[in-house]
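# An overview of the molecular structure
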Amino acid sequence: MVLETLGLGSQAEAVYRAMLAQPEHGVADLARDTGLPPGAVRAALNELADLALLKPSAASDGRLRPVSPDVGLAALLAAAEAEAAAKQAQLEATRTAIAAIAAEHDRRRDDDSQATRRLLGLEAVRERLAELQQRTESECLSLNPGGAHRPDARAAAKPLNQQALERGVTIRAICRDSVRNDIDAYNYARWLTGFGGQMRTVPTVPMPLVIIDRRLAILPLDPNDPREGALEVDSLGMVTAVCALFDQLWSVGSPFGEAAPTDRNGCTPMEQALLEIIAAGHTDDVAARKLGLSLRTVRRMMAGLMVRLDAASRFQAGLNASKRGWI
């Protein structure tokens, strides 16, 4: 029923419409017209009377007649509009108060003239990101070397990302290729891209990073341990540098949902990255951490590459890959 916003229940609306069609009908007739039991019709009549949609008949026969919708419903609509206007005024006043509180909160942080602001601990970082997400105007960019795999990180980010996307904010995220091997992270990535966000993957992500509107960046105090906290940076030079890093990784990333491309040697970006790590002298354990893969998966990939490179050892595989121009 369409008149519930005016305070008119569905049964009362049905009785009112029936009375407008047949003003002379009584309770029994209205019950037949609407298919309602007589008790429900009487309750609806009381409701209509309370809303001033019924008036005594001019014939002085004790009957009630419906008030014209041009008068009765218009009066209810005017009252609803007045209530909505008052509510909107309250919301605007609340919005102003929130802005004032937020401004005062910012003033109590480190001196705004400083280019950096320390956020100590993971909780402080998440609280600040929640604040910034509400203020993001056009674009939020992020590098996610491991956060996309953490259930707590996904749970904290999901409602914020949804609110931002609904406001028209562009969200672009870069994750490691290994996100495709984690079912929970994969499902989250599908949700994000399905809701309008964009994601690309690369073999390795150098550090966690969030960039807001290309004017402010959140960088970790310790890239190896995000729990230590972060630096909030609004220095033009620093923000420009990290934006360039993001743009470079984005340009070579594989769009989520598409198969990773292979180069002219048949290598995927993940295989290329593994060869580069091994050629630099790192162990399989280090490669697994950098790529976000299990040690077993790294060893299986390495064994396949050694066969393709006609190598008897990991060291020889690195040399052959370099000689053949694979890396």
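Quick note: structure is the one above.
All residue numbers refer to position in the chain's written sequence, counted from 1. Reporting of local features is limited, given that this is a predicted model, to residues whose pLDDT is at least 70; pairs of side-chain atoms are given and counted only at 80 or more, and all residues count toward the totals for whole chains, interfaces and linings. The side-chain figures draw on all heavy atoms in the structure; neither hydrogens nor water molecules are used.

What follows deals with the sheet that holds strand β8 (residues 216–220). Any two strands are treated as partners once DSSP identifies two or more bridges connecting them. Runs of H or I in DSSP of at least four residues are treated as helices and runs of E of at least two as strands, each being numbered from the N terminus. Read across the sheet, eight strands follow the order β3-β9-β8-β7-β4-β5-β6-β10 without closing on themselves; strand pairing throughout is mixed. A strand with exactly one partner marks an edge of an open sheet, and here the two such strands are β3 (116–120) and β10 (254–255). In this fold helix α8 (residues 236–252) packs onto β4 (139–144), β5 (170–176), β6 (198–202), β7 (209–212), β8, β9 (229–233) and β10, with an angle of close to 70 degrees to the strand it touches most, β5. Contacts between residues were defined by any pair of non-hydrogen atoms, one from each residue, lying within 4.5 Å. For helices, the fitted axis covers only the stretch in contact; all axes are lines through C-alpha atoms, and the angles between them, taken along N-to-C directions, range from 0 to 180 degrees.

Moving on to the pattern of salt bridges. Any two side chains of opposite charge can pair, given that their charged atoms come close. The term salt bridge refers to a pairing of a side-chain nitrogen on Lys or Arg with a carboxyl oxygen on Asp or Glu at a separation within 4 Å. Tallied over the entire structure, the rule returns 13 salt bridges. When the shortest N-O distance is used, the salt bridge between aspartate 284 and arginine 299 registers 3.8 Å. Of this pair, aspartate 284 sits in helix α10 (residues 284–291) while arginine 299 is found in helix α11 (residues 295–308), placing the two residues 15 residues apart along the sequence. Think of it in three bands: with a 1.4 Å probe and only protein chains considered, a residue is buried below 20% of the maximum accessible area for its type, exposed above 50%, and partly exposed in between. You can call aspartate 284 buried: its relative accessible area is 12%. The salt bridge involving arginine 324 is made with aspartate 310; its shortest N-O contact spans 3.2 Å.

A separate point is the packing of aromatic side chains. Only rings of Phe, Tyr and Trp enter the pairing, Trp through its six-membered ring, and a pair is recorded when the two centres are within 6.5 Å. The plane angle decides the type: under 30 degrees is stacked, over 60 is edge-to-face, the rest tilted. Inspection of the entire model under this criterion finds three aromatic pairs. Through successive ring pairs, a cluster of aromatic residues spans Tyr188, Trp191 and Phe195.

Here we come to the packing of helix α1 (residues 10–21) against helix α3 (residues 38–50). Taken N-terminus to C-terminus, the directions of α1 and α3 make an angle of 85 degrees; their axes are 9 Å apart at the nearest point. By the criterion of interaxial angle, the relationship of α1 to α3 is roughly perpendicular. On α3, the residues touching Gln11, Ala12, Val15, Tyr16 and Met19 of α1 are Ala40, Val41, Ala44, Leu45, Glu47 and Leu48. Lys, Arg, Asp and Glu make up the charged group, whereas Ala, Val, Leu, Ile, Met, Phe, Trp, Tyr, Cys and Pro make up the nonpolar group; the residues left over, Gly among them, are polar. Of the residues contributing to the contact of α1 with α3, the split by class is nine nonpolar, one polar and one charged. By the definition adopted for this analysis, an angle is roughly parallel if under 35 degrees, roughly antiparallel if over 145, roughly perpendicular if from 65 to 115, and oblique otherwise.

Attention now goes to the packing of helix α9 (residues 269–279) against α11. Packed helix pairs are characterised by how far apart their axes lie and by the angle those axes make with each other. Close contact between α9 and α11 brings their axes to 11 Å; oriented N to C, the two are set at 85 degrees. It follows from the interaxial angle that α9 and α11 lie roughly perpendicular. On α11, the residues touching Met270, Glu271, Leu274, Leu275 and Ile278 of α9 are Val298, Met301, Met302, Leu305 and Arg308. Across the contact of α9 with α11, the residue classes break down as eight nonpolar, no polar and two charged.

Here we take up unusual backbone geometry. If a residue is not glycine, its phi is most likely negative; likewise, a peptide bond is most likely trans. Backbone geometry at alanine 52 places phi at a positive 60 degrees, although glycine is not the residue there. What makes alanine 52 partly exposed here is its relative accessible area of 48%. Of note in the backbone geometry, aspartate 213 takes a positive phi value of approximately 55 degrees without being a glycine. Along the chain, the position of aspartate 213 falls in the loop between β7 and β8.

Let us now look at the nonpolar core. In this description, a nonpolar core means a group of buried Ala, Val, Leu, Ile, Met, Phe, Trp, Tyr and Cys residues linked to one another through side-chain atoms lying within 4.5 Å. Residues Ile171, Leu192, Met199, Ile212 and Ile218 are the most contacted members of the largest nonpolar core, which totals 23 residues. A per-element tally of this core places helix α7 (residues 183–194) first, with five residues. Excluding its chain neighbours within four sequence positions, the residues that come into contact with isoleucine 218 are Leu119, Val125, Leu129, Leu132, Pro208, Leu209, Val210, Ala230, Leu231 and Glu232.

Helical geometry: 3.6 residues make up each α-helical turn, so side chains three or four residues apart lie on a common side. Expected span of a helix, by definition, is 1.5 Å for each gap between consecutive residues, and there is one gap fewer than residues. The first and last C-alpha atoms of α11 sit 20 Å apart over 14 residues, in line with the 20 Å expected at 1.5 Å per residue. Taken residue by residue, α11 has Thr297, Val298, Met301, Met302, Leu305 and Met306 as its buried positions. The secondary structure elements touched by the buried residues of α11 are α9, α10 and α12 (314–323). Aspartate 310 lies just past α11 and shows a positive phi near 55 degrees.

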